[in-house]
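Fold and contact review
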Amino acid sequence: IRCLNRTYMKTTSTAEIIMETTNAYNKRNTFMLTLRHELIENRKALLLGLASIWGIFMLVGALFGLSGSHGGPGEIAFIFFAFMAISCVTASLTFSNMKTKQGRISAIMLPSTAFDKFMVRWIAFVPVLIVVLVAGMYICDLSRILVYWLRDYPQIINGRNGMDIINPWARIVSNPYGEIM
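Presented here is a report on the structure given in the accompanying data block. (Residues numbered from 1 in each chain as written. Predicted model: local features only at pLDDT ≥ 70, side-chain atom pairs only at ≥ 80, totals over all residues. Heavy atoms only, no water.)

Points about the environment of Tyr138
Note on placement: Tyr138 falls in helix H7 (residues 127–151). Note: C-alpha distance between Tyr138 and Gly61 (77 residues apart in sequence) is 9.4 Å. (Helix = DSSP H or I, 4+ residues; strand = E, 2+ residues; numbered from the N terminus.)

This is how it looks when you write it as structure tokens:
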């Protein structure tokens, strides 16, 4: 194919094109762009997962409050097993958008390194999940206290106070009987 207007043609070597592409690629912060892409693309799923986790913890805390639980080993055991179950489910959903051919093509064609793509998902599903689960633990305890308080409001005013905010980390680390739970 012949170019009619040769003034726009510039002769460049392959090394210059690679150098230009490499410099332009390194100027961008690919990690932050990949993180932004994942958050925008999966925003609804991430928010739905967050609301589901906190909703489950709130519901179970309300059930503990209705049963008159003052916190203790039963609640700590639930929180531990909920942490494990939710962690297993989210680990299996880490790369869930790669189930379909379109999702795999979209993931491969994202102009970022494989390490950036992996680290974005790891940060979203490991440290952020731990923060969400710890916040869920406190949501569970606060909903237990609120429901217990609403259920037994007259007795609390008359002097019965069973609303102890538990610290499960202290119960696990130091047991007054010297046993490991």
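Moving on from the coordinates now.
Brief notes about the environment of Ile56
Tracing the chain through its elements places Ile56 in helix H3 (residues 43–66). Of the residues examined, Ile56 reaches a relative accessible area of 46% and is grouped as partly exposed. Distance in space between the C-alpha atoms of Ile56 and Ala82 is 9.3 Å, their sequence separation being 26 residues. (Buried < 20%, exposed > 50% of the residue type's maximum accessible area, 1.4 Å probe, protein only.)

Quick look at the layout of surface pockets
Empty space within the largest pocket amounts to approximately 750 Å³. As for the largest pocket, its lining consists of 27 residues, and the residues nearest its centre are Ala45, Leu46, Gly49, Leu50 and Phe125. Top contributing element to the lining of the largest pocket by residue count: H3, with nine residues. Taken together, the residues of the lining of the largest pocket sort by class into 17 nonpolar, seven polar and three charged. (1 Å grid on protein atoms, 1.4 Å probe; cavity = no way out; pocket = protein on both sides within 12 Å on 5 of 7 lines; lining within 4 Å. Points joined across faces, edges and corners; volume = space filled by probe spheres on them. Nonpolar A, V, L, I, M, F, W, Y, C, P; charged D, E, K, R; others polar.)

Quick word on the pattern of salt bridges
Between side chains of opposite charge, a pair can form when the charged atoms approach closely. Evaluated as defined, the whole model comprises three salt bridges. Of the charged contacts in the structure, one is a salt bridge between Arg121 and Glu38, with a shortest N-O distance of 3.4 Å. With Arg121 in helix H6 (residues 114–125) and Glu38 in helix H2 (residues 30–41), this pair connects stretches of sequence that are 83 residues apart. Owing to a relative accessible area of 8%, Arg121 belongs among the buried residues under this scheme. For Arg144, the salt bridge goes to Glu75, with nearest N and O atoms at 3.2 Å. On the criterion of sequence distance, the pair formed by Arg144 in helix H7 and Glu75 in helix H4 (residues 73–92) is long-range, its members being 69 residues apart. The buried category is assigned to Arg144, whose relative accessible area is 0%. The network of salt bridges with common partners includes Glu75, Asp141 and Arg144. (Salt bridge = Lys/Arg side-chain N within 4 Å of Asp/Glu carboxyl O.)

Some thoughts on the packing of aromatic side chains
Any two aromatic rings considered together are summarised by their centre-to-centre distance and by the angle between their planes. Tallied over the full model, the rule gives four aromatic pairs. Relative to Phe83, the ring of Phe57 lies with its centre 6.4 Å away and its plane at 90°, an arrangement referred to as edge-to-face. Of the two residues, Phe57 is situated in helix H3 and Phe83 in helix H4; the sequence distance between them amounts to 26 residues. Note on accessibility: Phe57 and Phe83 belong to one class, buried. (Phe/Tyr/Trp six-rings, centres within 6.5 Å; stacked < 30°, edge-to-face > 60°.)

What to know about the packing of H3 against H7
H7 packs onto H3 with a crossing angle of 30° between their chain directions and a minimal axis gap of 7 Å. By crossing handedness, the relation of H3 to H7 is classed as right-handed. Grouping the constituent residues of the contact of H3 with H7 by class yields 18 nonpolar, four polar and two charged. (Axes fitted to C-alpha atoms, helices over the stretch in contact; angles between N-to-C directions. Left-handed = near helix turned anticlockwise from the far one by under 90°.)

Topic: the nonpolar core
Counting 13 residues, the largest nonpolar core has Ile53, Phe57, Phe83, Ile86, Leu129 and Leu133 as its most contacted members. Elements that contribute at least two residues to this core include exactly H3, H4 and H7. The dominant element in this core, judged by the number of residues it contributes, is H7, at five residues. Ile86 has contacts with Ile53, Phe57, Leu129 and Leu133, leaving out every residue within four places of it along the chain. (Core = buried A, V, L, I, M, F, W, Y, C linked by side-chain atoms within 4.5 Å. Contact = heavy atoms within 4.5 Å.)

Comments concerning the packing of H2 against H6
Their axes nearest at 9 Å, the elements H2 and H6 cross at an angle of 55°. As summarised for this structure, H2 and H6 are arranged oblique, according to the angle between their axes. The handedness of the crossing between H2 and H6 is right-handed. Contacts between H2 and H6 involve Thr30, Phe31, Thr34, Leu35 and Glu38 on the former and, on the latter, Asp116, Lys117, Met119, Val120, Arg121 and Ile123. (Parallel < 35°, antiparallel > 145°, perpendicular 65-115°, else oblique.)

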